[in-house]
Amino acid sequence: MGDELILGIESSCDETAAAVVAGGRRILSSVVASQVAIHRKYGGVVPELASREHLRQIVPVVREAIEQAGITLPDVSAIAVTRGPGLIGALLVGVTYGKVLSYALGKPLIAVNHLEGHVHAVLLEAHIAGKVPELPAVCLIVSGGHTILYYVKTESASGNGASHFSYARIGGTRDDAAGEAYDKVAKLLALGYPGGPVIDQLATHGDPNKIQFGGPKMKGNPFDFSFSGIKTAVLYHLRRNPQLQPEIESRQAALARGERTAAVLLPLCSKETLDLVASFQHSVVEDLISRTLDAAEQYAVRTVFVSGGVAANSALRKAFEAEGQRRGLQSYFPSRALSTDNAAMIAAAGYPRFVAGERATILLNAEANLPLA
Ligand code: KG4
Ligand code: ZN
């Protein structure tokens, strides 16, 4: 294993990202152009708008990643690009540009699964902190598009010292992703988009035990999730409590003026609303933690990874660490910047595949529903 430079390209959802990573571990640059401002007024990602924005951003974002790394394009050893899962039109922009660069530069192209990228975001962060997580691990990937549990293990591949990672799916959401629940609840309560960061901050001002939502009642796999019920429960709570309507309207007015920070929204929230927000978050976090840690115990691992946009949540991090420690498990998270979609994690995930000699051809296609396992 050397210090080869991998250019990562990511465009699966609403972030156009490029990064240069040396030896699969050292981030030389990581540029993310977020489309949040474009999708905000719709309260969710609009696929057609996402594709168009990726088209506008992909060239300058890659150029900036190369410049910030202090290199030129011919210095890269390979290009790693997200092949799926994600929005097909969005993925196609990155895949096509990756293929063009690979062909023009005569450099190998590596196809990467976006979910594998989220696993590698944890490994990148651990490396930065000088830690070596013990594998196998159970990994929770929790974002606006995914809530899924994997068993992750590694084997040293033949001779070249590269690690080969393999994944087995343990469970996943049967309906909404956890981040989607945050975003939908934020929309119902007029707390802006995306909902996660604001709810994260407002929840610290409410009583998390005020409203008992009760976890989802599901038969079958105990490691599956469901978050559509809690969103509906919040909707019914608002219908039963019409006195909360005027403050929703005043927050809507604030959002329309572009005032969307938690500091601005906090004085526009009653104690009842703050309790509702805190109780919603408590219920989601409890559910994520208990199923993940139960899976870790069932699969007899001592390490838990948590990655994806919702992994940025402060309550989730704190509770994972505390509860994990109580159960004798070590929890690892990426930094907030590496939790949400980025291309450094794609370059990192592509590196072992590059070393192992995997190559994608010019026929590579994007796959919206690409499974990891
Ligand atoms: O990974 P990501 O950037 O994009 C994908 O969905 O793939 O995740 C975005 C999601 C959104 O649903 C957002 O509300 C949620 O992550 N999120 C959070 C926090 N920061 C972002 N959810 C809870 N707490 C946060 N601090
Ligand atoms: Zn993601």
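Treat the numbers as computed from the prediction; the structure is a model and nothing was measured. (Residues numbered from 1 in each chain as written. Chains lettered and ligands numbered in written order. Predicted model: local features only at pLDDT ≥ 70, side-chain atom pairs only at ≥ 80, totals over all residues. Heavy atoms only, no water.)

1. Some points on unusual backbone geometry
With an omega of -5°, the peptide bond running from G84 to P85 counts as cis. A cis amide bond links Y193 with the next residue in sequence, P194, at an omega value of -5°. With respect to the element layout, P194 can be found in the loop between helix 5 (178-188) and helix 6 (195-202). Residues other than glycine seldom take positive phi values, yet A300 does so here, at roughly 55°. Residue placement: A300 occurs in the loop between helix 10 (271-298) and strand 9 (303-307). (Helix = DSSP H or I, 4+ residues; strand = E, 2+ residues; numbered from the N terminus.)

2. A look at the pattern of salt bridges
Enumeration according to the criterion identifies 20 salt bridges in this entry. With a closest N to O distance of 3.2 Å, K184 and E180 form a salt bridge. Pair noted here: K184 and E180 are both in helix 5, with a separation of four residues, about one helical turn. Its relative accessible area of 30% is what places K184 among the partly exposed residues. One salt-bridge network, in which partners are shared between bridges, spans D294, E297, E323, R326 and R327. (Salt bridge = Lys/Arg side-chain N within 4 Å of Asp/Glu carboxyl O. Buried < 20%, exposed > 50% of the residue type's maximum accessible area, 1.4 Å probe, protein only.)

3. Observations regarding the coordination of the zinc ion (ligand 2)
For the zinc ion (ligand 2), the full set of protein donor atoms is H114 (NE2), H118 (NE2) and D341 (OD), and the range of their distances to it is 2.1 Å. Spacing between the donor residues of the zinc ion (ligand 2) along the chain follows H-x3-H-x222-D. Within this pair, H114 and its partner H118 are both found in helix 4 (residues 114-128), separated by four residues, close to a single helical turn. Across the pair, H118 and H114 agree in class, each one buried. (Donors = N, O, S within 2.8 Å, 3.2 Å for Na, K, Ca; no water.)

4. What about the site of ligand 1?
Around ligand 1 there are 18 residues in total, and G144, D183, G196, D200 and N313 lie nearest to it. Interatomic distance of 2.8 Å between a backbone N/O atom of G144 and an oxygen atom of ligand 1. Taking D341, its side chain carries an N or O atom lying 3.2 Å from an oxygen atom of ligand 1. A total of 550 Å² of accessible area belongs to ligand 1 in isolation, and the protein chains cover 90% of it. Every element with two or more residues in the shell around ligand 1 is listed here: helix 5 and helix 6. Looking at side-chain class alone, the shell around ligand 1 contains five nonpolar, nine polar and four charged residues. (Near = heavy atom within 4 Å. Polar contact = N/O pair within 3.5 Å; in protein donor to acceptor, adjacent residues only side chain to side chain. Areas by Shrake-Rupley, 256 points an atom, 1.4 Å probe, with all protein chains shown as cover. Nonpolar A, V, L, I, M, F, W, Y, C, P; charged D, E, K, R; others polar.)

5. Here we look at the pairing of strand 4 (residues 78-84)
Here is the key point about a regular strand: its side chains alternate between the two faces of the sheet. Within strand 4, six of the seven residues are buried, which leaves the element mostly enclosed by the surrounding structure. Judged from the four bridges that link them, strand 1 (residues 5-10) and strand 4 form a sheet pairing that is parallel. What sits directly across from L7, in strand 4, is I79. By the bridge criterion, five bridges tie strand 4 to strand 5 (residues 109-113) in an arrangement that is parallel. Pairing of T82 across the sheet is with V112, part of strand 5. On the question of chirality, the crossover connecting strand 4 to the parallel strand 5 by way of helix 3 (residues 88-105) is right-handed. (Pairing = 2+ DSSP bridges. Right-handed = clockwise from strand over helix to strand, strands pointing away.)

6. Observations concerning the domain arrangement of the chain
Considered domain by domain, the chain is made up of domain 1 (5-132 + 336-355) and domain 2 (178-301). Taking only C-alpha atoms, the centre of domain 1 and the centre of domain 2 are 30 Å apart. Tallying the contact residues gives eight residues for domain 1 and four residues for domain 2. Between domain 1 and domain 2, the buried area comes to about 530 Å², and carbon and sulfur atoms account for 53% of it. Linking domain 1 with domain 2 are zero salt bridges, by the criterion used here. (Domains from an automatic or database assignment. Contact = heavy atoms within 4.5 Å. Buried area = accessible area lost by both parts, 1.4 Å probe.)

7. A few points about the pairing of strand 1
By the criterion of burial, strand 1 is predominantly enclosed, with six of the six residues buried. Neither face of strand 1 is left uncovered, since the one carrying L5, L7 and I9 and the one carrying I6, G8 and E10 both have all their residues buried. Pairing of strand 1 with strand 2 (residues 15-22), which is carried by six bridges, proceeds in the antiparallel orientation. By the bridge assignment for strand 2, I9 is matched with A18.

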